[in-house]
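Summary of the model geometry
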Amino acid sequence: MVRLYIDSQLDTGKLILLQEHQAHYLRNVRRLTSQNSIHLFNERDGEWLATLETLSKSKVMAEVKQQVRMAIKEPEVKLLFAPLKPDALHFL
């Protein structure tokens, strides 16, 4: 299954115009055709199933169908370390 990161909001029934490099990947690398399914995701809305509606040389549009996975809030990560000499601290 192809998964693509989408910066815009994802919601059922929404049409998404994919970026040029994503369109190139779907057309020329994965060789997908119209009506193929892909997964779109972002950190706010989670992962969604989408269907390719328009797959031409100039643009690729996908229609968002249903949510596959909810977004998960990542825990805050902290880095703790012992005091080091200035040179070693710069390297860290």
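Placed above this text is the structure.
Residues numbered from 1 in each chain as written. Predicted model: local features only at pLDDT ≥ 70, side-chain atom pairs only at ≥ 80, totals over all residues. Heavy atoms only, no water.

Quick word on the pairing of strand β5 (residues 60–69)
Relative to β5, strand β2 (residues 15–17) runs antiparallel, the two sharing three bridges. Across the sheet, residue L15 finds its bridge partner in β5, namely E63. As defined by bridge partners, strand β4 (residues 46–55) adjoins β5 across eight bridges and the pair is classed as antiparallel. By the bridge assignment, E47 is partnered in β5 with R69. (Pairing = 2+ DSSP bridges. Helix = DSSP H or I, 4+ residues; strand = E, 2+ residues; numbered from the N terminus.)

Things to note about the sheet that holds strand β1 (residues 3–5)
Strands belonging to one sheet form pairs held by backbone hydrogen bonds; the direction of such a pair is parallel or antiparallel. With mixed pairing, the five strands of this open sheet are ordered in space as β1-β3-β4-β5-β2. Two strands close off the open sheet at either side, each with one partner strand: β1 and β2. Between one strand and the next, the sheet's axes are offset by a mean angle of 40 degrees, whatever the strand orientation. Along the sheet face, helix α1 (residues 20–29) touches β1, β3 (37–42), β4 and β5 and points at about 170 degrees away from the line of β1. (Axes fitted to C-alpha atoms, helices over the stretch in contact; angles between N-to-C directions. Contact = heavy atoms within 4.5 Å.)

Focus on the layout of surface pockets
Which parts of space are left empty comes out when a probe the size of a water molecule is rolled across the atoms. There is about 170 Å³ of room inside the largest pocket. The wall of the largest pocket is formed by R3, F41, N42, E43, G46, E47, R69, M70, A71, I72 and E74. Sorting the residues of the lining of the largest pocket by element identifies β3 and β4 as the ones contributing at least two each. For the lining of the largest pocket, a count of residues per class yields four nonpolar, two polar and five charged. (1 Å grid on protein atoms, 1.4 Å probe; cavity = no way out; pocket = protein on both sides within 12 Å on 5 of 7 lines; lining within 4 Å. Points joined across faces, edges and corners; volume = space filled by probe spheres on them. Nonpolar A, V, L, I, M, F, W, Y, C, P; charged D, E, K, R; others polar.)

Some thoughts on the pattern of salt bridges
The tally for this structure, following the rule as stated, stands at four salt bridges. Here R3 ties to E47 by a salt bridge, and the two come within 3.2 Å at their closest N and O atoms. Here R3, found in strand β1, pairs with E47, found in strand β4; they are 44 residues apart in sequence, far enough to count as distant. For R3, a relative accessible area of 43% corresponds to the partly exposed category. Given the relative accessible area of 4%, E47 is considered buried. Across the salt bridge formed by R44 and E43, the nearest N and O atoms sit 3.4 Å from each other. Judged by its relative accessible area of 45%, R44 is partly exposed. Connected through shared salt-bridge partners, R3, E47 and R69 make up one network. (Salt bridge = Lys/Arg side-chain N within 4 Å of Asp/Glu carboxyl O. Buried < 20%, exposed > 50% of the residue type's maximum accessible area, 1.4 Å probe, protein only.)

Scope: geometric values only; no functional claims are made or implied.
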